[in-house]
Amino acid sequence: MCLDCNGHGTGERHSERNGDSRSTAESDGTNWKRRSLLQATGVAAGTGVLLGSQSDRVSASHTECDSADRWVEAANHSARDHGIDWIVIHVTAGAYQGALNTLTSSDSGVSSHYLVKNYSWTDGPEPGHVDQLVHHDRAAWHARYIANHRSIGIEHEWFDDNGITDACYEASAELVRCIADMHDIPLEFYTSNTCIQNEPGGIIGHTHVPDGDCSSFHHGGRTCPYPDWDMDHFADLVRDGDGGGGGNGFEDGDTVETTVDLNGREGPGLHYDVVRTYPTGTTGEIMNGPETSDGYTWWGIHFPSYNEWVWCVEQYLTHA
Ligand SMILES: [Zn+2]
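Computed from a predicted model, the values in this text were never measured in an experiment.

Caption draft 1: Geometry of the pairing of strand E3 (residues 86-91). Summarising burial for E3: six of the six residues are buried, a large majority. Covered by surrounding structure in E3 are Trp86, Val88 and His90 together with Ile87, Ile89 and Val91, the residues of both alternating faces. Looking at chain direction, E3 and strand E7 (residues 151-156) are connected through six bridges and run parallel. Note that in E7 the partner of Ile89 across the bridge is Ile154. Bridge count for E3 against strand E9 (residues 202-205) is four bridges, and the pairing is parallel. Of the residues in E9, the one forming a bridge with Ile89 is Gly205.

So this is what it looks like as structure tokens:
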């Protein structure tokens, strides 16, 4: 029994292996899988895939990020009961047009905020094209109840071990930067099942949405969005475009200021606990460092307004 899987917004197409309490979602999952297989087969046979019923819902631009190319309204979404502090990464297990049909139709029981085109050889837009399907202020139905209400969900076209293209990664990285900036989501990437309870926010793959025995989702035996999705590579792309890269040249005694809502940790690495997320513009003094860990440069900082000594990553600090 998974407590967080009940209530509205729980339609979950990755759920076909889950327990018997969610027969509706299991039916949806089965239908999705069948459709995905049909779409994939259609593409492979060169028969093409019709746009279907979502085309008449394409309307004037309501996209919220410049990197989103088109607004295609989804039917399934809910009023949020929580602020947005996470971005959840998914892959579709089906070709683009079929995925778009499913994510926008009411009877699928699922939706997502975004869908990113991955392949050049499937029907639909060019790789890197981004459709927005649900506005940020509504909860899309892409994960479990709590995660839906706390997150933005991004789907990426994928199926049959075909990998993720550079165009898809880069478009999604730009989108993530926009979403994170808009909602003050830390650009930290997690691969553990406890992060939504224990961390203040960041970016995770769907499989790490923690819901007890619902925590393992599968696409034809695979776990969304892995293994094809390379989260380390994606993190590099997101951060590179954010003007990161270090070289700020701090020294002990320098006064620094956070440029985002920035995690301060008990030690120089992502495995250390977060002491606090310091709001943008918090000033502190460099006390220690630099240390290199988890692909970041870390500095030990004293934040006098909190009387706390913590470690923060360099790229979101500037001289005050
Ligand atoms: Zn997923």
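Caption draft 2: Quick peek at the side chain of His142. Structurally, His142 is set in the loop between strand E6 (138-140) and helix H3 (145-150). Here His90 takes part through its side chain, which lies 2.9 Å from a polar atom of the side chain of His142.

Caption draft 3: The arrangement of helix H6 (residues 231-240) in detail. Residues Met231, Phe234, Ala235, Leu237, Val238 and Arg239 constitute the buried set of H6. Looking at the packing, one finds that the buried side of H6 touches E3, helix H4 (166-183), strand E8 (189-190), E9 and strand E14 (296-303). The N-cap of H6, judged by a side-chain oxygen 3.2 Å from the amide nitrogen of Asp232 a few residues on, is Asp230.

About the criteria used
Counting restarts for each chain, with residues numbered from 1 along the sequence as it is written. Residue-level local features of this predicted model are given only where pLDDT is at least 70; pairs of side-chain atoms are given and counted only at 80 or more, and the full residue set underlies all totals for whole chains, interfaces and linings. With hydrogens and water excluded, all non-hydrogen atoms of the structure serve as input to the side-chain values. Exposed residues in this analysis have more than 50% of their type's maximum accessible area, buried residues have under 20%, and partly exposed residues fall in between, with area computed by a 1.4 Å probe over protein chains only. We count a stretch as a helix when DSSP gives it H or I for four or more residues in a row; a strand needs E for two or more, and each element gets its number in order from the N terminus. In this scheme, strands are said to pair when DSSP sees at least two bridges between them. Pairs of N or O atoms are called polar contacts if they sit within 3.5 Å, as long as, within protein, a hydrogen donor faces a hydrogen acceptor (for residues adjacent in sequence, only side-chain-to-side-chain pairs). Residue contacts follow a heavy-atom distance rule, with two residues in contact if any of their heavy atoms lie within 4.5 Å.

Function-wise, these values are silent; they only describe arrangement.
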